[in-house]
Amino acid sequence: MIEWLTIVQVAVAVAGGILCLALGFAGRKPNDYTLGVVALVEVLLVGQLISAIVSPFAGNSPSGDPLEFYTYLISALLLPAAGVFWALVERTRWSTVILGVVCLAIAVMVYRMNVIWFVQGA
Amino acid sequence: MPELTAPAPRSTRSKGVGRVLIVVYGILALGATGRSFVQIAHSVEDSQQVPLAFWLSALASVVYIVATIALVAPGRVWYRIAWITITFELAGVLVVGTLSLTHPELFARPSVWSWYGNGYLFIPLFLPVLGMIWLRSRRVGVDAADRDASDAA
C-alpha cells in the first residue's frame, strides 16, 4: 500500500460520496458525473490492488494481517460494480443515494485497510 | 392510502428509500461475512478452539444475508422472514452488547454485536430499528400485493 494513494482515494471517495448523496436527495437520477465518480473510485481500488501486490517486493510488506487486508480489498472492489449495475437498472434518485452510500463505505474500508497495512501489528 | 387503489408493484419493499436500506444491509452482510471468515480462518489455522464470539459473528452474518434477501423478495412469507431476521438482529445486538459490558470475558474478542456494534459505527444497533419502521410502513402494500395476486389466480 502507498500512503499518498490511500489519502487520494479516501478524499475522492468521501467527496464523491457527499456529492452523490446531495444530488440523490435533490432528486437527480444517476448521470455521467455520479457514475463517473464511482468508476473513478473503482479505478483507484484497482490501483490499490496492484500496489498491494507489488509493494511487498519493494520491501513494503503489510504490518498486519494480509488475509484481513485482502478480504477488505476484494469486498471493496465488488461494491462499485454492484452500485453501478443497480444505478443502470433502476434509474431513480435513490440509485444516486446508493452510489453515495457505496462511496462512503469504501472510504471507511480503505481507511481500515491502511490501518491494517501500516499500524496493526507494527 | 394510495397503495390500496394503485396497481401493486412486484415488490413494494424494494421501492423508494427502501432501496437504500437494502444496500446498507447488503454492505453490512458483506462486511460481517468477510470479518467472521477471517476470524474463523485464523483460529483454525492456529488450531485453537474457535471462540464463541466468532461463531456468533458467522451466525449474525448469515442472518444479515437472509434479511437482505427478505427485504428484496416479494410476498407475505418473505415479509414475515424479514420481520423474524430483523427482530433477531435487534435482540442479538442488545443481548450481546449488554453481555460484552457485564461479562467481558465471554466476548473478549470483537464480534459484530460486541459493545453494541461500535466496531461497525453502531450500524448494527440502529439498522434493525430503521428496518422495522420501514417494514411497518410497507404493511398495507403487502396486503394489496397479496390481494391482487389472489384476484389474478
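Coordinates for the structure precede this section.
The structure displayed is predicted, hence computed values, not measured ones.

A. Expanded view of the overall build of chain B. When helices and strands are counted, chain B shows six helices and zero strands. Seen in sequence order, chain B has helices and strands lined up from the N terminus as α-α-α-α-α-α. When burial is assessed residue by residue, chain B has 43% of its 153 residues classed as buried. The contacts in chain B between residues at least 6 apart in sequence include a share of 69% that link residues at least 24 apart. A total accessible area of about 7800 Å² is found for chain B, and carbon and sulfur atoms account for 71% of it.

B. How the structure looks around the interface of chain B and chain A. On the side of chain A, 16 residues touch chain B, which itself brings 16 residues to the contact. Each partner contributes to the roughly 1400 Å² buried at the junction of chain B and chain A, and carbon and sulfur atoms together form 82% of this total. The largest per-residue losses of area from chain B upon contact with chain A belong to Arg19(B), Ile27(B) and Leu30(B), which jointly make up 36% of the total buried on that side. One can count one salt bridge joining chain B with chain A. In this structure, Glu90(A) and Arg19(B) form a salt bridge, with 3.4 Å as the shortest nitrogen-oxygen distance.

C. Seen up close, the nonpolar core. Counting residues in each nonpolar core, the largest one holds 35 residues, and the members touching the most others are Leu45(A), Phe69(A), Leu73(A), Leu79(A) and Ile106(A). Within the residue set of this core, elements represented by two or more residues are α1 (3-25), α2 (32-54), α3 (66-89) and α4 (93-119) of chain A together with α2 (18-45) of chain B. Sort the elements by how many residues they give to this core and α4(A) lands first, with 15 residues. Excluding anything up to four places from it in sequence, Ile106(A) contacts Gln9(A), Val41(A), Leu45(A), Ala76(A), Leu79(A) and Pro80(A).

D. Quick peek at α3(A). For α3(A), spanning 24 residues, the distance from its first C-alpha to its last is 35 Å, which sits close to the expected 34 Å at 1.5 Å a residue. When we look at burial in α3(A), the residues that qualify are Glu68(A), Phe69(A), Thr71(A), Tyr72(A), Leu73(A), Ser75(A), Ala76(A), Leu77(A), Leu79(A), Pro80(A), Gly83(A) and Ala87(A). Each element contacted by the buried residues of α3(A) is listed here: α2 and α4 of chain A together with α2 of chain B. Here α3(A) starts with a cap whose side-chain oxygen sits 3.0 Å from the backbone nitrogen of Leu67(A), and that cap is Asp65(A).

E. Structural detail: α4(A). All names here are of chain A. For α4, which comprises 27 residues, the first-to-last C-alpha distance of 39 Å matches the rise-based estimate of 39 Å (1.5 Å per residue) to within 8%. The buried count for α4 comes to 20 of 27 residues, which makes it a mostly enclosed element. One or two steps after α4, the chain reaches Gly121, where phi turns positive at roughly 80°.

F. A look at a nonpolar patch on the surface. Judged by side-chain polarity, Val46(A), Ile50(A), Ile53(A), Val54(A) and Phe57(A) come together as a nonpolar surface patch covering roughly 510 Å² of accessible area. With respect to the helices and strands, the residue Ile50(A) is situated in helix α2.

G. Fine view of the pattern of salt bridges. All names here are of chain A. Taken as a whole, this structure holds two salt bridges over all chains when the rule is applied. The partner of Glu68 in a salt bridge is Arg112, and the shortest N-O contact between them spans 3.2 Å. Taken as a pair, Glu68 in helix α3 and Arg112 in helix α4 lie far apart in primary sequence, 44 residues in all. On the basis of relative accessibility, which here comes to 11%, the residue Glu68 falls in the buried class. With a relative accessible area of 27%, Arg112 lands in the partly exposed category.

Rules of the game
Residues numbered from 1 in each chain as written. Chains lettered and ligands numbered in written order. Predicted model: local features only at pLDDT ≥ 70, side-chain atom pairs only at ≥ 80, totals over all residues. Heavy atoms only, no water. Helix = DSSP H or I, 4+ residues; strand = E, 2+ residues; numbered from the N terminus. Buried < 20%, exposed > 50% of the residue type's maximum accessible area, 1.4 Å probe, protein only. Contact = heavy atoms within 4.5 Å. Areas by Shrake-Rupley, 256 points an atom, 1.4 Å probe, with all protein chains shown as cover. Buried area = accessible area lost by both parts, 1.4 Å probe. Salt bridge = Lys/Arg side-chain N within 4 Å of Asp/Glu carboxyl O. Core = buried A, V, L, I, M, F, W, Y, C linked by side-chain atoms within 4.5 Å. Expected span 1.5 Å × (residues − 1). Polar contact = N/O pair within 3.5 Å; in protein donor to acceptor, adjacent residues only side chain to side chain. Patch = residues over 30% accessible without salt bridge, like charges linked within 9 Å, V, L, I, M, F, W, Y side chains within 5 Å.

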